[in-house]
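Observations on the model geometry
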Amino acid sequence: MQNSVLGVFVALVGNSLIGCSFSVMKVAHERNKGGGSYLKVPLWWMGTILMIFGELGNLVAYSLAKPSLISPLGAISVLVNVPAAYITLGERPSASNMIGCVMCVMGGYG
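Scoring rules and cut-offs
- Per chain, residues are indexed from 1 in the order of the written sequence.
- Selection of residues for local features in this predicted model requires a pLDDT of at least 70, selection of side-chain atom pairs for listing and counting requires 80 or more, and totals for whole chains, interfaces and linings are taken over all residues.
- Calculated side-chain values reflect all of the structure's heavy atoms, with hydrogen atoms and water omitted.
- For salt bridges, the criterion is a side-chain nitrogen of Lys or Arg within 4 Å of an Asp or Glu carboxyl oxygen.
- Labels follow the DSSP assignment, with helices taken as runs of H or I lasting at least four residues and strands as runs of E lasting at least two, numbered in each case from the N terminus.
- Relative accessibility under 20% of the residue-type maximum defines a buried residue, over 50% an exposed one, and the middle range a partly exposed one, all with a 1.4 Å probe and only protein chains included.
- One fewer than the residue count of a helix, multiplied by 1.5 Å, yields its expected span.
- Any two residues whose heavy atoms approach within 4.5 Å are treated as being in contact.
- By definition, disulfides here are pairs of cysteine sulfur atoms that lie within 2.5 Å.
- Between the rings of Phe, Tyr and Trp (Trp by its six-membered ring), a pair exists once the centres lie within 6.5 Å; its type follows the angle of the planes, with under 30 degrees stacked, over 60 edge-to-face, and the other angles tilted.
- Lines are fitted to the C-alpha atoms to define the axes, a helix being fitted only along its stretch in contact, and any angle between axes, read from their N-to-C directions, falls within 0 to 180 degrees.
- Should an angle lie under 35 degrees it is considered roughly parallel, over 145 roughly antiparallel, and from 65 to 115 roughly perpendicular; all remaining angles are considered oblique.
- When the near helix sits turned anticlockwise from the far one by under a right angle, the crossing is termed left-handed; a clockwise turn instead gives a right-handed crossing.
- Three classes are used, and their members are as follows: Ala, Val, Leu, Ile, Met, Phe, Trp, Tyr, Cys and Pro are nonpolar, Asp, Glu, Lys and Arg are charged, and the others, Gly among them, are polar.
- A residue's pLDDT is the confidence the predictor assigns to it, expressed on a 0 to 100 scale.
- Two distance rules govern patches: like charges are joined within 9 Å, and nonpolar side chains (Val, Leu, Ile, Met, Phe, Trp, Tyr) within 5 Å, applied only to residues with over 30% relative accessible area and no salt bridge.
- For accessible areas, the Shrake-Rupley method is used with a probe of radius 1.4 Å. Any residue's cover is judged against the shown protein chains and nothing else.

Our focus in this paragraph is the pattern of salt bridges. When charged atoms on two side chains of opposite charge get close, those side chains can pair. As enumerated under the stated definition, the model contains 1 salt bridge in all. One salt bridge connects Glu91 with Lys26, and the closest N-O pair in it is separated by 2.7 Å. With Glu91 in the loop between helix H4 (76-89) and helix H5 (95-109) and Lys26 in helix H1 (residues 2-31), this pair connects stretches of sequence that are 65 residues apart. For Glu91, a relative accessible area of 34% gives the class partly exposed. Residue Lys26 is classed as partly exposed on the basis of its relative accessible area, which comes to 37%.

Below, the discussion takes up H1. Look at H1: 44 Å from first C-alpha to last across 30 residues, which is about the 44 Å you get at 1.5 Å a residue. Turning to H1, its buried residues number three or more, namely Gly7, Val10, Ala11, Gly14, Asn15, Ile18, Gly19, Ser21, Ser23, Val24, Val27 and Ala28. On its buried face, H1 sits against helix H2 (42-64), helix H3 (67-70) and H4.

The next thing to look at is the state of the cysteines. Counted according to the given criterion, the structure contains 0 disulfides. With no disulfide of its own, Cys101 lies closest to Cys104 among cysteine sulfurs, the gap being 6.2 Å. Residue classification places Cys101 among the buried residues on the basis of a relative accessible area of 9%. Here Cys104 falls in the partly exposed class, since its relative accessible area comes to 22%.

Moving on, we get to the packing of aromatic side chains. Using the criterion set out here, one finds 2 aromatic pairs in the structure. Between Tyr38 and Trp44 the ring centres are 6.3 Å apart and the planes differ by 35°, which places this aromatic pair in the tilted class. Ring geometry for Trp44 and Trp45: centres 5.1 Å apart, planes at 80°, overall edge-to-face. An aromatic cluster is present here, built from Tyr38, Trp44 and Trp45 joined pairwise through their rings.

Between H1 and H2, the least distance of the axes is 7 Å, while the angle of their chain directions is 160°. In terms of orientation, H1 lies roughly antiparallel with respect to H2. Considering the relative orientation of H1 and H2, their crossing is left-handed. For the contact of H1 with H2, the residue count by class is 19 nonpolar, 11 polar and 2 charged.

Right, let's talk about the confidence of the model for the chain for a bit. Considering every residue of the chain, the mean pLDDT works out to 90; 98% of them sit at 70 or more. For the chain, per-element mean pLDDT is lowest for H5, which scores 85, and highest for H2, which scores 95.

Once that is clear, we can look at a nonpolar patch on the surface. On the surface, Leu39, Trp45, Ile49, Ile52, Phe53, Leu56 and Leu59 cluster together into a nonpolar patch covering about 710 Å² of accessible area. Trp45 sits in the partly exposed class, given a relative accessible area of 37%.

Below you can see the structure in the form of structure tokens.
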């Protein structure tokens, strides 16, 4: 039981990092309008590193708890991406964004 709780916590943190990484990488993409190499854009590397740490967190979470408990938590990345996009990109959540978030929660719960 204790490992399952730890696995859920690690999955929540990992998927939150993944959700943030999408917004960070989009900011890097928008700043690189000149078409240069992304390998030279530090913000792109930051987004990539966030993604890697998030996926490593998922790997650890799967080793601590049952996959049936961890897999639905992947929807957290979608839920985190909506406010992260608002903060970093100024993207206002639309009604379809909110409906999608509700559907993610319902799918993970059901």
